Amino acid sequence: CLPANQERFADGRLATVQFHPSAQVVMTAGHDRSVSLFQVKNFNLYCVDGVRNPRIQSIYLESFPIYKACFSVDGEQVIATGTHHKMFFVYDMMSGSIIPIQRVRGVEERFLRDFEVSPDGSFMLLTGTSGYLHLLSMKTKELISTMKVNGRCTASAFTPDSSKIYSYSKEGEVFIWDVRSRKCLHKFEDEGSLEGKCIAVSENNQYVACGSASGVVNLYTTDVCLKENHPKPVKAIMNLVTSATCVTFNPTTEILAVASREADEAVKLV
């Protein structure tokens, strides 16, 4: 396969690569302050050498190195946060307009970086400092409620039905929140975790994967996570030797990808 972004290579590190939820389009975004969209030919068929992946659009956000970018569930918007900014941008793909969200009323943070979009497209969860989690309406980008974990939150994941949020703390604790009431339903300790790094919930809601700074990824069943304070993992994946910075399940929950950005080619499929 030719590089997806061959018509416009980034000038800096890429922070995000994501496929559009419904179109044959891939987005790249990163430290060169730009978001680019490319039409990807034949990515769901056989890859053919020589096929162009034409660039559809590039937007440039001045003085705004991008920390993370993400499509909305309907694929009509791109949300982008910066590396050291309290504001974020919304790119409306239907109108072509770039909307700066200068400040969310009720959110007092020095900078906003990490966020998650709920699978049903209703919510946006901003990870703040000092353990604060800010739940926003995806439609209005206004604050609905704020939750707080003990310590510092390093990663969060919605369940597939968007009814719960799993939040992983730097101290290795996982808090399970009810989205409707914003109450903490339960919390458990990730076995052997010295520092929590990343978390994922499988699309069939059967498993939770927790990746830590030691490189160990623990796999739990969700029913045990909701009941026990010290659950035993069904499997501890030891294949990474550097910090686990990304875990994600494939759509049929048959494969778990674990990765570390701290070493070249540190990607394992389990």
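Residues numbered from 1 in each chain as written. Predicted model: local features only at pLDDT ≥ 70, side-chain atom pairs only at ≥ 80, totals over all residues. Heavy atoms only, no water.

Details of the overall build of the chain
- Secondary structure assignment for the chain yields one helix and 23 strands.
- Across its three principal axes, the chain shows a C-alpha extent of roughly 50 × 45 × 30 Å.
- The buried share among the 270 residues of the chain stands at 49%.
- For the chain, the accessible area works out to roughly 13,700 Å², and carbon and sulfur atoms hold 49% of it.
- Computing the positive centroid from 28 side-chain charges and the negative centroid from 29, the chain places the two 5 Å apart. (Helix = DSSP H or I, 4+ residues; strand = E, 2+ residues; numbered from the N terminus. Buried < 20%, exposed > 50% of the residue type's maximum accessible area, 1.4 Å probe, protein only. Areas by Shrake-Rupley, 256 points an atom, 1.4 Å probe, with all protein chains shown as cover. Lys, Arg positive; Asp, Glu negative; His and termini not counted. Charge placed at Lys NZ, Arg CZ, Asp CG, Glu CD.)

Some points on empty space enclosed by the protein
- The tally for this structure, following the rule as stated, stands at one cavity of 30 Å³ or more.
- Together, V35, I59, L61, V78, A80, F89, V90 and Y91 line the largest cavity.
- Of all elements in the fold, only β6 (77-82) and β7 (88-92) reach the threshold of two or more residues within the lining of the largest cavity.
- Among the elements that line the lining of the largest cavity, the one with the most residues is β7, at three residues. (1 Å grid on protein atoms, 1.4 Å probe; cavity = no way out; pocket = protein on both sides within 12 Å on 5 of 7 lines; lining within 4 Å. Points joined across faces, edges and corners; volume = space filled by probe spheres on them.)

Details of the state of the cysteines
- By the definition in use, this model includes zero disulfides.
- Take C184: it sits in no disulfide, and the sulfur closest to it among the cysteines is that of C153, at 12 Å.
- C210 takes part in no disulfide bond, and the closest cysteine sulfur to it belongs to C225, at a distance of 6.7 Å.
- Accessibility expressed as a relative area gives 0% for C210, which makes it buried. (Disulfide = S-S within 2.5 Å.)

Some thoughts on the pattern of salt bridges
- Scanning all chains against the criterion turns up eight salt bridges.
- Notably, a salt bridge pairs K187 with E173, separated by 3.3 Å at the nearest N-O pair. Within this pair, whereas K187 is found in strand β16 (residues 184-189), its partner E173 is found in strand β15 (residues 173-178), the two being separated by 14 residues in sequence.
- The partner of E191 in a salt bridge is K232, and the shortest N-O contact between them spans 2.7 Å. Taken together, the residues E191 in the loop between β16 and β17 (196-201) and K232 in the loop between α1 (222-225) and β20 (235-237) connect sequence positions 41 residues apart.
- Its relative accessible area of 36% is what places E191 among the partly exposed residues. (Salt bridge = Lys/Arg side-chain N within 4 Å of Asp/Glu carboxyl O.)

Let's talk about the UniProt feature "repeat: WD" (unreviewed entry) in the chain
- The UniProt entry lists residues 157-187 under the feature "repeat: WD" (unreviewed entry), expressed in the numbering used here.
- A helix fraction of 0% and a strand fraction of 58% characterise residues 157-187, whose end C-alpha atoms lie 14 Å from each other. (UniProt positions renumbered as here; feature names shortened; annotations may be inferred.)

Here's the deal with the layout of surface pockets
- For the second largest pocket, the calculated volume is near 220 Å³.
- Around the second largest pocket, the lining residues are V17, Q18, F19, P21, C70, F71, S72, V73, V117 and S118.
- Secondary structure elements with two or more residues in the lining of the second largest pocket: β1 (14-19) and β5 (66-71).
- For the lining of the second largest pocket, the element with the most residues is β1, which contributes three residues.
- Along the lines of polarity and charge, the residues of the lining of the second largest pocket split into seven nonpolar, three polar and no charged. (Nonpolar A, V, L, I, M, F, W, Y, C, P; charged D, E, K, R; others polar.)

Concerning the nonpolar core
- Grouped together as the largest cluster of nonpolar side chains are 16 residues, with contacts concentrated most on M27, V35, L61, I66, A69 and V78.
- Elements represented by at least two residues in this core include exactly β2 (25-30), β3 (34-39), β5, β6 and β7.
- Listed in part, the 14 residues of the second largest apolar core include I79, V90, V107 and L136. (Core = buried A, V, L, I, M, F, W, Y, C linked by side-chain atoms within 4.5 Å.)

Observations concerning the pairing of β7
- For β7, the tally of buried residues reaches five of five residues, placing the bulk of the element in the interior.
- The pairing of β6 with β7 spans five bridges and is classified as antiparallel. Paired with V78 across the bridge in β7 is Y91.
- Counted between consecutive antiparallel strands, the loop separating β6 from β7 contains five residues. (Pairing = 2+ DSSP bridges.)

Considering the packing of aromatic side chains
- Applying the stated rule across the entire model yields three aromatic pairs.
- With centroids separated by 6.4 Å and ring planes inclined at 20 degrees, the aromatic side chains of F175 and W177 adopt a geometry described as stacked. Both residues of the pair, F175 and W177, belong to the buried class.
- When the centroid spacing of 5.5 Å and the interplanar angle of 65 degrees are considered together, the rings of F188 and Y220 count as edge-to-face. Taken together, the residues span a long stretch of sequence, with F188 in strand β16 and Y220 in strand β19 (residues 217-221) at a distance of 32 residues. Here F188 matches Y220 in class, with each residue buried. (Phe/Tyr/Trp six-rings, centres within 6.5 Å; stacked < 30°, edge-to-face > 60°.)

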